[in-house]
Amino acid sequence: MLTFDRYVTAATLDEAFDALDASPGARLVAGATDLLPWAREGRAGDVHLPALVDVGAIPALTDVTADGGVLRIGAATSIAACERHPLLLRDAGLLARCAVWFADDQIREQATLGGNLVNASPAGDTLPALLAMNAQVVLARRDGAGIRERAMPLADFITGPGRTRLGANEILVRIDCDAVPGHGGAFEKVGHRRSLVISTVCLAVLARLAPAGGTLADVRIAIGAVGPVPERLGDAEAALRGQRPTPAAIREAAVLAADRVRSRSRQEYRREVLVNFVERGLVAALEQCGLAVQRLPQEIVHA
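Residues numbered from 1 in each chain as written. Predicted model: local features only at pLDDT ≥ 70, side-chain atom pairs only at ≥ 80, totals over all residues. Heavy atoms only, no water.

### A closer look at the pairing of strand 5 (residues 70–74)
Which entries qualify depends on this criterion: When DSSP finds two or more bridges between a pair of strands, those strands are recorded as paired. Secondary structure counts use DSSP, requiring at least four H or I residues in a row for a helix and at least two E residues in a row for a strand, with both numbered from the N terminus.
Bridge analysis of strand 4 (residues 64–67) against strand 5 gives 4 bridges, and the strand direction is antiparallel. When the bridges of strand 5 are listed, Asp 67 appears paired with Val 70. In this structure, the hairpin formed by strand 4 and strand 5 is closed by a connection of 2 residues, where Gly 68 is found at a positive phi of approximately 65 degrees. Relative to strand 10 (residues 171–178), strand 5 is paired through 5 bridges, and the arrangement is antiparallel. Pairing of Leu 71 across the sheet is with Cys 177, part of strand 10.

Right, dumping it as structure tokens:
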């Protein structure tokens, strides 16, 4: 059960920091879709908080802008906005593919990108997509000199299940990531049921062909739900970058993913699904780039 003394809706970052200073131990919320599940018995148990500080209405946390090749996405941007915001659709179509798989319509309207990152679930759906876009998180704190920001790669921000480098009285305000309008993208996910599913394996792929021919100028592969933190498959990316994406080359790169499974349960299943997801995701991303690649016949592709 969750109880609290005050609910504060902040209109500015200063108001949010004022509320945090006035109520030590207060909890920040935006969409708050994970709040009650966190507080139920079996996770946090009965929880009483001095205050909930809602930052979802702060304009700076919902802005989406493009600056050259960088997208700046406010941390309180909803998952649903990924499916309809013109800039995100143009420059970050991978997020839209991810959002389709995220819970249901009502939750997508409330849940936020920043909340999904701060929650730091190994199965967080947006994490592989943002990793593939070279995302950095921007964190804000207030001291005597005013509000200061610091940035770090998303890959460094999440340190384990439910653990991040977010400091005390610090707010995740923005996600900066590559704009990738010329890339093909794919998102894959599987879980224990058909709807409202928590990932057992999820994957995001971005690919771009070289202008002069059929070689891969850029390829990015990120995975989630198979280990304590999401991660990029750097070895598979390196094996494909600059090469012609033949069916054999794609299969060989996909097989490299099998050793990344570090979950404590269903390891053999996850290995097989992950290898096939990498292969299928690459083929789908390349198809969006205008290159059709025929997959090799299915077989057991790991020991």
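Next comes the rest of the account.
### Structural notes on the sheet that holds strand 3 (residues 47–54)
This is how it is decided: Throughout, an axis means a line fitted to C-alpha atoms (over the contacting stretch in the case of helices), and angles, computed between N-to-C directions, take values from 0 to 180 degrees. Throughout, a residue-residue contact means that at least one pair of heavy atoms, one from each residue, lies within 4.5 Å.
The strand order across the open sheet formed by 3 strands is 1-3-2, and the pairing between neighbours is parallel. Looking at the sheet topology across the chains shown, the edges are occupied by strand 1 (2–9) and strand 2 (27–29). Along the sheet, successive strands turn relative to each other by an average axial angle of 30 degrees, direction set aside. Its contacts with the sheet place helix 1 (residues 13–22) against strand 1, strand 2 and strand 3, and it is angled at close to 145 degrees to strand 1.

### Side note on the sheet that holds strand 12 (residues 199–209)
One open sheet holds the 4 strands; their spatial order is 11-12-13-14, and the pairing between them is antiparallel. Only two strands of the sheet have a single partner each, and these edge strands are strand 11 (184–191) and strand 14 (231–232). Here 2 bridges tie strand 13 (residues 216–224) to strand 14, and the two strands are oriented antiparallel to one another. Among the inter-strand pairings, Ile 223 is bridged to a residue of strand 14, identified as Glu 231. Packing of helix 4 (residues 93–100) onto the sheet brings it into contact with strand 11 and strand 12, and relative to strand 11 it is tilted by some 20 degrees. Where helix 11 (residues 267–288) meets the sheet, its contacts fall on strand 11, strand 12 and strand 13, and the angle it forms with strand 12 comes to roughly 30 degrees.

### Some words on the packing of aromatic side chains
Put simply, the test is: Pairing of aromatic rings covers Phe, Tyr and Trp, the last counted by its six-membered ring, and requires centre-to-centre distances within 6.5 Å; plane angles under 30 degrees mean stacked, over 60 mean edge-to-face, and any other angle means tilted. For each residue, the accessible area found with a 1.4 Å probe, counting protein chains only, is set against the maximum for its type, and the residue is called buried under 20%, exposed over 50%, and partly exposed in between. A ring is scored as having a charge over it whenever the NZ atom of a lysine or the CZ atom of an arginine sits within 6 Å of its centre and within 35 degrees of its normal.
Evaluated as defined, the whole model comprises 1 aromatic pair. Measuring from ring centre to ring centre gives 6.1 Å for Phe 4 and Tyr 7, while their planes differ by 50 degrees; the resulting arrangement is tilted. According to the relative accessible area criterion, Phe 4 is partly exposed, its value standing at 34%. Of the residues examined, Tyr 7 reaches a relative accessible area of 43% and is grouped as partly exposed. The residue whose ring lies beneath Arg 27 is Trp 38, and the NZ or CZ to ring-centre distance is 4.0 Å.

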